[in-house]
Amino acid sequence: MSLFRLSGQARAVKALEGLIGAGRLPSAILLSGIEGCGKARLAHELAQLLVCPRRPPDGPACGDCRDCQAVAKRVHPDVKAVDAAYQAALREEEAAKQRSLRVDTIRHLRRDMELKSLLGGWKVAVIEDAHTLEIEAANALLKILEEPPPKTLWLLVTSQRDRIPKTVLSRCFQLRCSPLPDEAVAAILAAQGVDAGRARELAALCEGSASRALELSRREGWPAALTQGPLGPIAAGDSLPKELYLARAEAELALFALGQRLRLRPLSGEADFEAVDRPLRELAELRRALRANADPRAVLTLAALETQGALAK
Ligand SMILES: [Zn+2]
């Protein structure tokens, strides 16, 4: 029986099971992998394994006792979920404004982790987006990892492993998570109530990222609707949220989806490679413009217009 409930991360799960089985769980583990592949979920399942009172000796945490639910909701007193919301609460600021993890946050976490577990067991810190640690914060964390308080587990989660300082990397057991297989992404979407056909279609677009597929599934008919009819591209631009940062994120997702749809066409025989080459280059140009602060509405409308011809049946 597997110790974990999530699917699609067989290699990472096997490595963790080996370490746990041998009684050699390291005190610090870095889980890396693309956005939305389940690495944070894996970290939280590992935390549940340590705090679930109902877990059978050779099986996964139960997933529905009070402890397991508190971990899943990121409110367990012995499992610290260190993310933008954690730092925002400390600083009394908005979560959206937390762009990096600061040294004060890590110092606070350290004091928190040094307190005895409320329930007498393990304490776990899950540091999400660990690549956003500022230098001073990374140094403070390094000191802890060199001499972790007893019965504490430190889990660092990142989609940008190359931005983690080498000194920190060298203190962690490194676990690489793969992009999820399409079937695993489709199953996650289906579990959220997405129709099976649409789930398969979105899974094929999203290169193993369940979060990206879920985001797309919440936009009615995307990416097809973006380019439909003479007014589709204009409506697409107009449909973006008013707040600029939200509009930009949304436009980026739309450009990604249009690009993926174009790339899939020659592979499924719907178009030849030449037909998608120029629109793909235009999309790359528009993505650069978006990053250089061009208006997201104009960028999305242009992107939909540029790709409309190549995506028409
Ligand atoms: Zn449980």
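All values derive from a computational prediction rather than experimental measurement.

## Brief notes about the pairing of strand β1 (residues 28-32)
Of all 5 residues in β1, 5 are buried; the element is thus mostly enclosed. Burial of the side chains of β1 extends over both faces: A28, L30 and S32 are buried on one face and I29 and L31 on the other. The pairing of β1 with strand β4 (residues 152-158) spans 5 bridges and is classified as parallel. The residue bridging L30 from the neighbouring strand is L156, located in β4. Where β1 and strand β5 (residues 173-176) come together, 4 bridges link them in parallel fashion. The residue of β5 that forms the bridge with L31 is L175.

## Some details on the coordination of the zinc ion
Tetrahedral coordination by four donors sets the ideal angle at the metal to 109.5 degrees; octahedral coordination by six donors sets it to 90 or 180 degrees. Only C52 (SG), C62 (SG), C65 (SG) and C68 (SG) from the protein coordinate the zinc ion, and they sit 2.3 to 2.4 Å from it. Note that the zinc ion binds 4 donor atoms; their angles at the metal cover 103 to 117°, and the shape is tetrahedral. Mapped onto the sequence, the donors of the zinc ion take the spacing C-x9-C-x2-C-x2-C. Taken together, the positions of C52 in the loop between α2 (39-51) and α3 (66-72) and C68 in helix α3 put the pair 16 residues apart, joining distant regions of the chain.

## Observations concerning the nonpolar core
One finds F4, L42 and L155 to be the most contacted residues of the largest nonpolar core, which totals 62 residues. Ranked by residue count, the leading element in this core is helix α12 (residues 244-267), at 9 residues. Both of domain 1 (10-176) and domain 2 (219-311) provide at least three residues apiece to this core. Those residues in contact with L155 that lie beyond four places of it in its chain are I29, L31, A43, L46, V124, A125, V126 and I127. Judged by nonpolar contacts, the second largest core, of 26 residues, contains V82, L109, A140 and L142.

Thresholds, definitions, all that
- All residue numbers refer to positions counted from 1 along the written sequence of the respective chain.
- Totals for whole chains, interfaces and linings use all residues, but because this is a predicted model, local features are given only for residues with pLDDT of at least 70 and pairs of side-chain atoms are given and counted only at 80 or more.
- Excluded from the side-chain calculations are hydrogens and water; all other atoms, namely the structure's heavy atoms, are used.
- Exposure categories follow from relative accessible area, calculated using a 1.4 Å probe and restricted to protein chains: below 20% of the type maximum is buried, above 50% is exposed, and the middle band is partly exposed.
- Helix numbering and strand numbering both begin at the N terminus, where a helix is a DSSP run of H or I of at least 4 residues and a strand a DSSP run of E of at least 2.
- Strands are treated as partners if at least two bridges between them are detected by DSSP.
- In this listing, donors mean N, O and S atoms no farther than 2.8 Å from the metal, or 3.2 Å for Na, K and Ca; water is missing from the atoms, so a site can look incomplete.
- Geometry is assigned from the angles between donors: four donors with all angles from 85 to 135 degrees make a tetrahedral site, four or six donors whose opposite pairs exceed 155 degrees while the rest stay between 65 and 115 make square planar or octahedral sites respectively, and everything else is labelled irregular.
- Here, nonpolar core means buried Ala, Val, Leu, Ile, Met, Phe, Trp, Tyr and Cys residues that are tied together by side-chain atoms lying within 4.5 Å of each other.
- These domain boundaries are the output of an automatic or database domain assignment.
- The contact rule is simple, with two residues in contact once any of their heavy atoms fall within 4.5 Å.

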